[in-house]
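Letter by letter, the chains look like this.
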Amino acid sequence: MTDLPRKAVARTAKLAALPLGFAGRTALGLGKRIGGRPAEMIAAELQQRTAEQLFATLGQLKGGAMKLGQALSVFESALPEQVAGPYRAALTKLQEAAPPMPVKSVHAALAERLGADWRDLFEEFDDRPAAAASIGQVHRAVWHDGREVAVKVQYPGAGEALLSDLTQLGRFARLLGPLIPGMDLKPLIAELKDRVSEELDYGLEASAQIAHAEEFAGDPDVTVPAVVHHGDQVLVTEWLEGVPLSEVITDGTREQRDRAGQLLARFLFSGTARTGLLHADPHPGNFRLVTGDHPDGPPEKWRLGVLDFGTVDRLPQGLPEEIGTALRLTLEGEAEAVHELLRDEGFVKPEIDLDPGAVLDYLLPIIEPAQVAEFTFTRDWMRAQATRIADPRSPAYQLARQLNLPPAYLLIHRVTTSTIGVLCQLGATVRLRDEMEAWVPGFAAGGPAGECGREAQETPA
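Residues numbered from 1 in each chain as written. Predicted model: local features only at pLDDT ≥ 70, side-chain atom pairs only at ≥ 80, totals over all residues. Heavy atoms only, no water.

The condition that has to hold: UniProt positions are given in the numbering used here, feature names are shortened, and annotations may be inferred rather than shown by experiment.
Per an unreviewed UniProt entry, the protein goes by the name ABC transporter ATP-binding protein and belongs to Streptomyces caatingaensis. The Sequence similarities (unreviewed entry) comment attached to the protein in UniProt states, word for word, "Belongs to the protein kinase superfamily. ADCK protein kinase family."

This is how it looks when you write it as C-alpha cells:
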C-alpha cells in the first residue's frame, strides 16, 4: 500500500475513469439485452459492478472521494431494493474502514506534529489503525497517564487531495446523480468543499468536541469522549468502547434498533439546543452504542456515543425557530401561513408563484413522522418519498424544482435528511414528535422549546 495519492493528475485519472466505466457498462448491458438476456438480470449485474468500482475507488483515494461516499452512504435507503443490495455492502465498508496509511508515514507524521520524542507521550501505541476516515486515520493507544486513547492522525497532503477530488467529482455530478433518486449532488459537493478548511483544522474539531463532552458529561443518553491533547493535525481523545451503529443496522434486535433510533433522533435535536453546534456528519461510522459493564444488558440502558466533530454548523441560538414554526403550521394545515413563512425565509423566491395548498401537499408526506406519537422508519417509506420527488410526472417533482434552499439552511437540511436515512436503515420505531416538541424552537404549540427540553433529558426512551 502506498501513501495517500497526492498528485492531482493521478487522483484525477482515477476519478475520471468512473464515468467512463459507467458508460462502458451501459453499452455492455445494451449488448446483452440484444443477445436476449433478461433486463432485470442485466440491470442487477451492472448495478453490482458499478457499486464495486465506485466505492473501491472512493475508499482507495480517501480524501474528498471518500467524504462524498460517506455522505451518500446514509441515503442508500432511497434506492430500489433490487439495486440497494450491492450498494449497501460497498457503502458499509466505507463507513467503518478504508485502506490504511503505511506505518512509516504514520510515525513520520507524529514526529513532525508531536516532536521527535512523541513515543514518550504514550505507554503503548498500536501501529495498526483502528479506523480510517476521509482525511485521517485513528490508532488505539495508551496515554502516559494510563488512559486508553484514540489518536487521530491526518493524512499527509489531505487538504490538497480533498479539494482536488471534490472539484473533479463536481464536474460529473450529473452522472452520479442517478445513484440517489431525487438528489442533486452538485450542492452537496459544493457544501463539502466549503467545509474543507474547517475539517482540516483539528484544533477547531477539538473545541467542538470539548463543548459537547462538557455539556453531555453524566448524561444518561449521550456520551462524547473527552479531548486529551490536540494540534492542527493530530487529535487525541479518550477511547470510546461500544457497538458500531453499522452493526446494529445489520444485526440488531428490534429493541436495539428502536433504542438506537430514539437516541439518534434525540441527539439530532438536543445537541444543537444544548451546545449551539450541529454535528454535521451523521453517517453510522461516527456513532457507537455504549453498553457499559453489561454488553448483553437491556437496550434501554444503552447510551449513544458520538465521534468526529470535524464538521459542525455553529447555531448559537439552536435550530432556527422558523423551522419549527413552519413544521407546526404545516401539521395544523395552515397553508397560507406556511407559504408566507417559506417566502420570507427565501425558500420561495419572489418571482415564483406557487399554490399554498400544493406546497402543503408537498410537505405533509415528508413530515409524516412528526404527525403521530411514534413512527416506524422504513426503507420502503424512504423510497416512496424519493420516488415521489424524483418522478418527472409527479406534482411533487414539479413543485420541488421551483423551491429554493437558502445557504443558511443547506447544512441543516443535509443533516436532517441524512439522520432520517440512518433511521430508515435501522428500521427504528421512534417518538420523533416528542424530541421535536422538547428541542425544536417554535414546534411546540406553547412556543419556543426551552425548559421543556431540559425536562425531556430525564424522560427514559
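Comments concerning the overall build of the protein
Here is the rule we go by: Counting from the N terminus, the helices are DSSP H or I runs at least four residues long and the strands are E runs at least two residues long. Burial classes follow relative accessibility: with a 1.4 Å probe on protein chains only, a residue under 20% of its type's maximum area counts as buried, one over 50% as exposed, and anything between as partly exposed. For the accessible areas, the method is Shrake-Rupley and the probe is 1.4 Å, while residue cover comes only from the protein chains on display.
A count of helices and strands for the protein gives 20 helices and 13 strands. Expressed as a percentage of its 461 residues, the buried residues of the protein come to 54%. A total accessible area of about 20200 Å² is found for the protein, and carbon and sulfur atoms account for 54% of it.

A short note on the pattern of salt bridges
Note the following rule: Salt bridges, as used here, are contacts in which a Lys or Arg side-chain nitrogen is within 4 Å of a carboxyl oxygen on Asp or Glu.
If you walk through the whole model with that rule in mind, you get 18 salt bridges. With a shortest N-O distance of 2.8 Å, arginine 140 and glutamate 148 are connected by a salt bridge. Two residues, glutamate 215 and arginine 274, come together in a salt bridge whose shortest N-O distance is 2.9 Å. Here the residue glutamate 215 occupies a position in helix α10 (residues 202-215), and arginine 274 occupies one in helix α12 (residues 254-275), the gap between them amounting to 59 residues. Several salt bridges converge on common partners, so that one network encompasses Asp221, Arg259, Arg266 and Glu435.

Structural notes on the environment of alanine 130
Heads up, the rule is: Should any heavy atoms of two residues lie within 4.5 Å, those residues are counted as being in contact.
Relative to the helices and strands, alanine 130 resides in strand β1 (residues 122-132). C-alpha of alanine 130 to C-alpha of alanine 141: the two residues are eleven residues apart in sequence and 10.0 Å apart in space. Ignoring any residue separated from it by four or fewer positions in sequence, one finds alanine 130 in contact with Val138, His139, Arg140 and Trp239.

Some remarks on the sheet that holds strand β7 (residues 243-244)
What counts is decided by this rule: Following DSSP output, two strands are said to pair if at least two bridges run between them. Under this scheme, a helix contributes an axis fitted over its contacting stretch, all axes are lines through C-alpha atoms, and angles between N-to-C directions fall in the 0 to 180 degree range.
Read across the sheet, four strands follow the order β4-β10-β9-β7 without closing on themselves; strand pairing throughout is mixed. Looking at which strands have only one partner, the edges of the open sheet turn out to be β4 (222-223) and β7. Where strand β9 (residues 287-290) meets strand β10 (residues 303-306), four bridges bridge the pair, whose relative direction is antiparallel. Residue pairing in the sheet places arginine 288 in a bridge with glycine 305 of β10. Sheet strands touched by α12: β4, β9 and β10. Its angle to β10, the strand with the most contacts, is close to 55°.

So, the nonpolar core
What counts here: Put simply, a nonpolar core is a bunch of buried Ala, Val, Leu, Ile, Met, Phe, Trp, Tyr and Cys residues held in one set by side-chain atoms that sit within 4.5 Å of each other.
Grouped together as the largest cluster of nonpolar side chains are 47 residues, with contacts concentrated most on Leu245, Phe269, Leu289, Leu304, Val306, Phe377 and Leu426. Among all residues touching phenylalanine 377, those that are not within four sequence positions of it are Pro369, Ile420, Leu423, Cys424, Gly427, Ala428, Val430 and Leu432. Among the nonpolar cores identified, the runner-up in size contains 31 residues, and Ala132, Val149, Leu200 and Val227 belong to it.

What to know about helix α5 (residues 103-114)
The test is simple: Here the expected length of a helix is defined as 1.5 Å per residue gap, with one fewer gap than residues.
Spanning twelve residues, α5 covers 16 Å between terminal C-alpha atoms, matching the ideal 16 Å at 1.5 Å per step. Turning to α5, its buried residues number three or more, namely Ser105, Val106, His107, Ala109, Leu110 and Leu114. Elements that come into contact with the buried residues of α5 comprise β1, β2 (136-143), β3 (148-154), β5 (227-230) and β6 (234-238).

Observations regarding the packing of aromatic side chains
To keep it simple, the criterion reads: Only rings of Phe, Tyr and Trp enter the pairing, Trp through its six-membered ring, and a pair is recorded when the two centres are within 6.5 Å. The plane angle decides the type: under 30 degrees is stacked, over 60 is edge-to-face, the rest tilted.
Within the structure shown, the criterion is met by nine aromatic pairs. Ring plane angle 55° and centroid distance 5.9 Å describe the contact between phenylalanine 216 and phenylalanine 267, whose orientation is recorded as tilted. Of this pair, phenylalanine 216 sits in the loop between α10 and β4 while phenylalanine 267 sits in helix α12, placing them 51 residues apart in sequence. By relative accessible area, which is 2% here, phenylalanine 216 ends up buried.

As for the packing of helix α13 (residues 321-331) against helix α14 (residues 335-344)
This is how it is decided: Each angle receives one of four descriptions, namely roughly parallel if under 35 degrees, roughly antiparallel if over 145, roughly perpendicular if within 65 to 115, and oblique otherwise. Handedness of each helix crossing follows the sense of rotation of the near helix against the far helix: counterclockwise by less than a right angle gives left-handed, clockwise gives right-handed. Gly is put with the polar residues, along with every residue not named as nonpolar or charged; the nonpolar set is Ala, Val, Leu, Ile, Met, Phe, Trp, Tyr, Cys and Pro, and the charged set is Asp, Glu, Lys and Arg.
Where α13 meets α14, the axes come as close as 8 Å, and the angle between the chain directions of the two elements is 155°. In terms of orientation, α13 lies roughly antiparallel with respect to α14. Pair α13 / α14 crosses with left-handed handedness. Contacts between α13 and α14 pair Glu322, Thr325, Ala326, Leu329 and Thr330 from the former with Ala337, Val338 and Leu341 from the latter. Of the residues assigned to the contact of α13 with α14, the class counts are five nonpolar, two polar and one charged.

Here we look at the confidence of the model for the protein
Keep this limit in mind: Scored between 0 and 100, pLDDT is the confidence that the predictor attaches to each residue.
Averaged over all residues, the pLDDT of the protein equals 80, while 70% of them reach at least 70. This model gives residues 20-42 a pLDDT under 50, and the stretch forms 20 contacts once residues within four places in sequence are excluded. In the model, residues 447-460 has pLDDT below 50 throughout and makes 27 contacts with residues more than four positions away in sequence or in other chains.

What about the sheet that holds β5?
Read from one edge to the other, the open sheet built from five strands follows the order β1-β2-β3-β6-β5, with strand pairing classed as antiparallel. Every other strand in the sheet has two partners, leaving β1 and β5 as the edge strands with one partner each. The sheet shows a mean angle of 25° between the axes of neighbouring strands, direction not considered. The strands touched by α10 are β2, β3, β5 and β6; relative to β6, the strand with the most contacts, the crossing angle is about 20°.

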